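Coordinates in review
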Amino acid sequence: SQKIEQNSEALNIQEGKTATLTCNYTNYSPAYLQWYRQDPGRGPVFLLLIRENEKEKRKERLKVTFDTTLKQSLFHITASQPADSATYLCALDIGQAGTALIFGKGTTLSVSS
Amino acid sequence: SAVISQKPSRDICQRGTSLTIQCQVDSQVTMMFWYRQQPGQSLTLIATANQGSEATYESGFVIDKFPISRPNLTFSTLTVSNMSPEDSSIYLCSVGGGMNTEAFFGQGTRLTVV
């Protein structure tokens, strides 16, 4: 079965630095890979989606890369702020209608001022 | 986009009892998904609820324990039956998320079984 791993449970960085979160998957490559943010007591909120034929996607201070050879996605937050502190989840989308996403455990990012 | 109202947001229940969680979506959707998120764990899919048919359960989840209703295209309920402390978790409903679309989630129900 498909597995997805986010290999850091927690990441602590200083404000202004770039946070880099890693997502690795096994078996077949998904059609898309999505990243979500989850705050305590809340459901996940969508951030970015990247297709298997895209190398990189950007949105404001966020950047996602997708390497199907390494079976890995990297999620970067540049110029990080304390408000970026949250849990970040990656999710596989196999690209079939009516199928649910497969989520990783998440990485909890703490940005200190 | 979709807005999902999920309730209750939290509850503390006695073992052996049942809790029904409700999700209301502000638009009609074909599929609704129910997830469980245990502390420190990923979101695990419990079942997919398709209006007009029986829910499809993932391995390790059974209908007797987690009965689901889907009476129309905007509403679904998940019941956690005969609860034990191991059922303490966050339960989330969701729509969307496949085929290049983003998923939308309810706020979650934090269940504690004592």
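Let me sum up the structure you'll find in this document. Since we're looking at a predicted model, the values are computed, not measured.

Secondary structure summary: chain A contains zero helices and eleven strands in total. Beginning at the N terminus, the succession of helices and strands in chain A can be written as β-β-β-β-β-β-β-β-β-β-β. Computed over its C-alpha atoms, the radius of gyration of chain A comes to 14 Å, within 12% of the 13 Å expected for a compact globule of 113 residues. With respect to the principal axes defined by its C-alpha atoms, chain A has extents near 40 × 30 × 20 Å. Among the 113 residues that make up chain A, the fraction classed as buried is 46%. Counting contacts in chain A only where the partners sit at least 6 residues apart, residues at least 24 apart contribute 54% of the total. Surface exposure of chain A reaches about 5,600 Å², of which carbon and sulfur atoms provide 46%. Looking at chain A, you have 13 positive and 11 negative side-chain charges, and the mean spots of the two groups are 1 Å apart.

Attention now moves to the layout of surface pockets. Empty space within the second largest pocket amounts to approximately 440 Å³. In terms of lining, the second largest pocket is formed by 23 residues, of which the most central are Gln38 of chain A together with Gln37, Gln38, Pro39 and Gly40 of chain B. Those elements giving two or more residues to the lining of the second largest pocket turn out to be β9 (86–93) of chain A together with β9 (89–96) and β11 (109–113) of chain B. When its residues are assigned to classes, the lining of the second largest pocket shows six nonpolar, twelve polar and five charged.

Moving on, we come to the environment of Lys105 of chain A. If you trace the backbone, Lys105 of chain A turns up in the loop between β10 (102–103) and β11 (107–112). Along the sequence, Lys105 of chain A and Gly95 of chain A sit ten residues apart, while their C-alpha atoms lie 21 Å from each other. For Lys105 of chain A, the residues in contact, after removing those within four places along its chain, are Gln6 and Leu89 of chain A together with Gly40, Gln41 and Ser42 of chain B.

Each partner contributes to the interface: chain A provides 23 residues, whereas chain B provides 21 residues. Linking chain A with chain B are zero salt bridges, by the criterion used here. For the pair chain A and chain B, the interface holds five residue pairs in polar contact (both at pLDDT 80 or more). Counting only elements with at least two residues in the side of chain A that touches chain B, the list comes to β4 (32–38), β5 (45–51) and β9 of chain A. Of the residues forming the side of chain A that touches chain B, the biggest block, four residues, is contributed by β4 of chain A. Grouping the constituent residues of the side of chain A that touches chain B by class yields ten nonpolar, nine polar and four charged.

Time to look at the state of the cysteines. Applying the stated criterion to the full structure yields two disulfides over all chains. One disulfide in the model links Cys23 of chain A with Cys90 of chain A; its S-S distance is 2.0 Å. One disulfide, between Cys23 of chain A and Cys90 of chain A, carries an S-S torsion of 75° and so falls in the right-handed class. Of this pair, Cys23 of chain A sits in strand β3 (residues 19–25) while Cys90 of chain A is found in strand β9, placing the two residues 67 residues apart along the sequence. By relative accessible area, Cys90 of chain A is classed as buried at 0%. Looking at the unpaired Cys13 of chain B, the closest cysteine sulfur is the one in Cys23 of chain B, lying at 16 Å.

Cut-offs used in this document
- Residues numbered from 1 in each chain as written.
- Chains lettered and ligands numbered in written order.
- Predicted model: local features only at pLDDT ≥ 70, side-chain atom pairs only at ≥ 80, totals over all residues.
- Heavy atoms only, no water.
- Helix = DSSP H or I, 4+ residues; strand = E, 2+ residues; numbered from the N terminus.
- Rg over C-alpha atoms; globule rule 2.2 N^0.38 Å.
- Buried < 20%, exposed > 50% of the residue type's maximum accessible area, 1.4 Å probe, protein only.
- Contact = heavy atoms within 4.5 Å.
- Areas by Shrake-Rupley, 256 points an atom, 1.4 Å probe, with all protein chains shown as cover.
- Lys, Arg positive; Asp, Glu negative; His and termini not counted.
- Charge placed at Lys NZ, Arg CZ, Asp CG, Glu CD.
- 1 Å grid on protein atoms, 1.4 Å probe; cavity = no way out; pocket = protein on both sides within 12 Å on 5 of 7 lines; lining within 4 Å.
- Points joined across faces, edges and corners; volume = space filled by probe spheres on them.
- Nonpolar A, V, L, I, M, F, W, Y, C, P; charged D, E, K, R; others polar.
- Salt bridge = Lys/Arg side-chain N within 4 Å of Asp/Glu carboxyl O.
- Polar contact = N/O pair within 3.5 Å; in protein donor to acceptor, adjacent residues only side chain to side chain.
- Disulfide = S-S within 2.5 Å.

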